[in-house]
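This is what each chain is made of:
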Amino acid sequence: IQGYFILEDLPMDMPPEVPKEDGRPKWDNKFQYILSCIGFAVGLGNVWRFPYLCQIHGGGAFLIPYFIALIFEGIPLLHLELALGQCLRKGSINAWHTISPYLGGVGVASLMVSVLVSLYYNTILTWVMWYFINSFQEPLPWSVCPLNENRTGLNEECYESTAVNYFWYRKTLNITPDVTDSGTLQWWLVLCLAACWAIVYLCTIRGIETTGKAIYVTAIFPYLVLTIFLIHGLSLPGATEGLVYLFTPNLNILKNPRVWLDAATQIFFSLSLAFGGLIAFSSYNPSKNDCEKDAVTVAIVNSITSLYASIPVFSVLGFKAITGYWDCLDRNIISVINEYDLPEQSITRQNYTDWITFLNSSNPEKLTGLKLKSCDLQEFLDQSVSGSGLAFIVFTQAIILMPGSQAWAILFFVMLFSLGLSSMFGNIEGVFTPLLELQVISKSIPKELLSGIICLASFFFALCFTLGSGSYWIDIFDSYAGSLPLLVIAFFEVIGVVYVYKIKRFSKDVKWMTGRKLNLYWQITWRFISPLLLLIVFVAFVTLQIQKTPTYAAWNPKYVCFLIFAILNRSEGCMFFSPTKSFKITALQSCITNTRDGNIFKGSRETLLLSTMTGKEAVAR
């Protein structure tokens, strides 16, 4: 007998039997699988977004909503995806279609998000590669302003801003004044983009058979570099101030709903939920594997990595702040000494405040005429920034101040590239595995050719990000393609398993795989807490988006302040193809097909694991 079976019809005292080999690739070992999941989860956001959120949301106080979101949202959803993929041994599209034809759109939406995110995520690696190549120059090209065309002075645009900003906005992006001005393709970015996709292709050429080997380097190397930066960062002046600023709790800020929203979204996106990559990774596991332990391990390692990365990041940023503060003081000291004709070294950083107080009481008009800058360490520490601004502007500026800046720049950008590359493996796997399993793809097509087609097509589509307006479009993609659709996908994932497939059946499947019954924690979070949290986050996210006018940072030399915030027309911010539309399309198609065939409820009552077995294997179970 072959087909679908109901678990309740089988004797529960029968000894379970592992399904026969189905020809799917397998992980070489458990460690390789865990590393791949960790590499997919731990990405650029752990380094350049989590520390920023801690900084602006009350330091150590942010950890309270962060860990609450981890326990009640992150870990349950991660366990659900890993268990689902391991149970069915299928990619996202086939997995959700097996649960119910109406949920096939969940898998299609996951695939679409993985495609869209891969396009701009690999472009960020393109920027990293460009900076890495330029890190071998002495001095670093973003440390000094170039000469003008007549070689009679410094470039005016660079002189009016900073060398770091000029190298990023002009020499790297060659950015246009606004998103409506497309500009031209930047050949250096095109070459780097081609190189990045070539590297991704070589690493994913045969799916997990090749990514499983590369992950040992791409997942472990960033921890080595973070440790080196940690040791060096703690020895820098200002490191203590940076860490105190980062982790000093401000509990009053917890009254702000935005803090809780950012904590929930950070956990969700940091674990790479709803992309389909985790389902694909776990589908290559043996059916008898402790997916519960795997989920807890990956989630904890991801969060610890975020905390661990924050220490070297803010050690270096503290060093940058104290250096800027000292530089401000030194300029003021020179001005005061020259104006009052005081002996050199009479005013130091330590007694500067006393001197200013004394001079202000004796001759305030003269002191006021100097127009001294206000030097406040807190203001330098308050200069918060995340994303590309942290990596390519703030951190690169801090690296310039370090002894041996070339070596530190090389290490930093190699680390970022490794972090991004391991995340790309999961994104590509979320596309690669479903396409392999779809019947529209001929089985005669070798994996190498399919992987090559995916990477080549992605390269051509991603060329738009190498235009002068490319960085604006990346911001738009990041804000719309990789945020709201994922919340919708995850919500339907939980609803599909708990209320369509039924939690009771799923619990029995998990018990068979792990050897133990699901405890009350999983039951409550899957049934109530996780879907409710996702719904609250979704509503809050949409509400905030509606309330504020969409803007983007633009670099326009015609303005006195180059970095301005331009208003984004909402029509430009709407994705021309929304991944969430695939829900309605697939559900409608299934409804028409099943109504015509007379089995409208088919697929909603199957047991996940049994749906992948032959009749003989199911009875043996």
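The structure under discussion appears in the preceding block.
These remarks concern the structure in this document.

The rules behind the values
Residues numbered from 1 in each chain as written. Predicted model: local features only at pLDDT ≥ 70, side-chain atom pairs only at ≥ 80, totals over all residues. Heavy atoms only, no water. Axes fitted to C-alpha atoms, helices over the stretch in contact; angles between N-to-C directions. Helix = DSSP H or I, 4+ residues; strand = E, 2+ residues; numbered from the N terminus. Parallel < 35°, antiparallel > 145°, perpendicular 65-115°, else oblique. Left-handed = near helix turned anticlockwise from the far one by under 90°. Contact = heavy atoms within 4.5 Å. Nonpolar A, V, L, I, M, F, W, Y, C, P; charged D, E, K, R; others polar. Buried < 20%, exposed > 50% of the residue type's maximum accessible area, 1.4 Å probe, protein only. Polar contact = N/O pair within 3.5 Å; in protein donor to acceptor, adjacent residues only side chain to side chain. Expected span 1.5 Å × (residues − 1). Salt bridge = Lys/Arg side-chain N within 4 Å of Asp/Glu carboxyl O. Bend = angle between axes of the 7 residues up to and from the residue. Patch = residues over 30% accessible without salt bridge, like charges linked within 9 Å, V, L, I, M, F, W, Y side chains within 5 Å. Areas by Shrake-Rupley, 256 points an atom, 1.4 Å probe, with all protein chains shown as cover. Disulfide = S-S within 2.5 Å.

1. Some remarks on the packing of helix H6 (residues 104–134) against helix H9 (residues 187–204)
Line of reasoning, step 1. Put simply, H6 and H9 touch, their axes get as near as 8 Å, and they point 115° apart. One finds that H6 runs roughly perpendicular with respect to H9. Regarding H6 and H9, the two cross each other, and that crossing is right-handed. Across the interface between the two elements, Ser 118, Leu 119, Asn 122, Thr 123, Leu 125, Thr 126, Trp 127, Met 129, Trp 130 and Ile 133 from H6 touch Trp 188, Leu 189, Cys 192, Leu 193, Ala 195, Cys 196, Trp 197, Ile 199 and Val 200 from H9.
Line of reasoning, step 2. Of the residues in the contact of H6 with H9, the class split is 15 nonpolar, 4 polar and no charged.

2. Description of the side chain of Ser 507
Line of reasoning, step 1. Position of Ser 507 relative to the elements: it lies in helix H22 (residues 484–514).
Line of reasoning, step 2. Classification of Ser 507 as buried rests on a relative accessible area of 12%.
Line of reasoning, step 3. At 2.7 Å, the side chain of Ser 507 and the backbone oxygen of Ile 503 are in polar contact.
Line of reasoning, step 4. Aside from chain neighbours lying at most four places away, what touches Ser 507 is Leu 518 and Gln 523.

3. Looking at helix H1 (residues 30–41)
Line of reasoning, step 1. Between its terminal C-alpha atoms H1 stretches 17 Å, which fits the 16 Å expected from 12 residues at 1.5 Å a residue.
Line of reasoning, step 2. Among the 12 residues that make up H1, 10 are buried, leaving the element largely enclosed by the rest of the structure.
Line of reasoning, step 3. Every buried residue of H1 is accounted for by Gln 32, Tyr 33, Ile 34, Leu 35, Ser 36, Cys 37, Ile 38, Gly 39, Phe 40 and Ala 41.
Line of reasoning, step 4. One side-chain oxygen at the N-terminal end of H1 lies 3.2 Å from the backbone nitrogen of Phe 31; it belongs to Asn 29.

4. Quick look at the pattern of salt bridges
Close approach of charged atoms allows side chains with opposite charge to pair.
Line of reasoning, step 1. Tallied over the full model, the rule gives 12 salt bridges.
Line of reasoning, step 2. Here Arg 206 makes a salt bridge to Glu 448, at a shortest N to O gap of 2.6 Å. Of this pair, Arg 206 sits in the loop between H9 and helix H10 (208–234) while Glu 448 sits in helix H20 (residues 447–462), and the two are 242 residues apart along the sequence.
Line of reasoning, step 3. Between Asp 290 and Arg 516 there is a salt bridge, with the nearest N and O atoms lying 2.9 Å from each other. Remark: Arg 516 occurs in the loop between H22 and helix H23 (520–547) and Asp 290 occurs in the loop between helix H13 (277–282) and helix H14 (291–340); sequence separation between them is 226 residues.
Line of reasoning, step 4. Assessed through its relative accessible area of 34%, Arg 516 is described here as partly exposed.
Line of reasoning, step 5. Members of the salt-bridge network, linked through shared partners, are Arg 206, Glu 209, Lys 447 and Glu 448.

5. What to know about H10
Line of reasoning, step 1. If you check H10, its first and last C-alpha atoms are 38 Å apart, about what 27 residues at 1.5 Å a residue would give, namely 39 Å.
Line of reasoning, step 2. A maximum bend of about 40° is found in H10 at Ala 214.

6. Some thoughts on a nonpolar patch on the surface
Line of reasoning, step 1. Together, Ile 64, Ile 68, Ile 71, Phe 72, Leu 251 and Trp 260 give the surface a local cluster of nonpolar side chains, amounting to about 510 Å² of exposed area.
Line of reasoning, step 2. A relative accessible area of 31% means that Phe 72 is categorised as partly exposed.

7. A look at the state of the cysteines
Line of reasoning, step 1. Applying the stated criterion to the full structure yields 2 disulfides.
Line of reasoning, step 2. A sulfur-sulfur separation of 2.0 Å characterises the disulfide bridge that pairs Cys 145 with Cys 158. With the S-S bond torsion at -80°, the cross-link from Cys 145 to Cys 158 turns out left-handed. Here the residue Cys 145 occupies a position in the loop between H6 and helix H7 (156–160), and Cys 158 occupies one in helix H7, the gap between them amounting to 13 residues.
Line of reasoning, step 3. The class of Cys 158 is buried, set by a relative accessible area of 1%.
Line of reasoning, step 4. One disulfide bridge connects Cys 328 with Cys 375, the sulfur atoms lying 1.9 Å from each other. Every disulfide takes its handedness from the sign of the S-S torsion; for Cys 328 and Cys 375 that torsion is -80°, giving left-handed.

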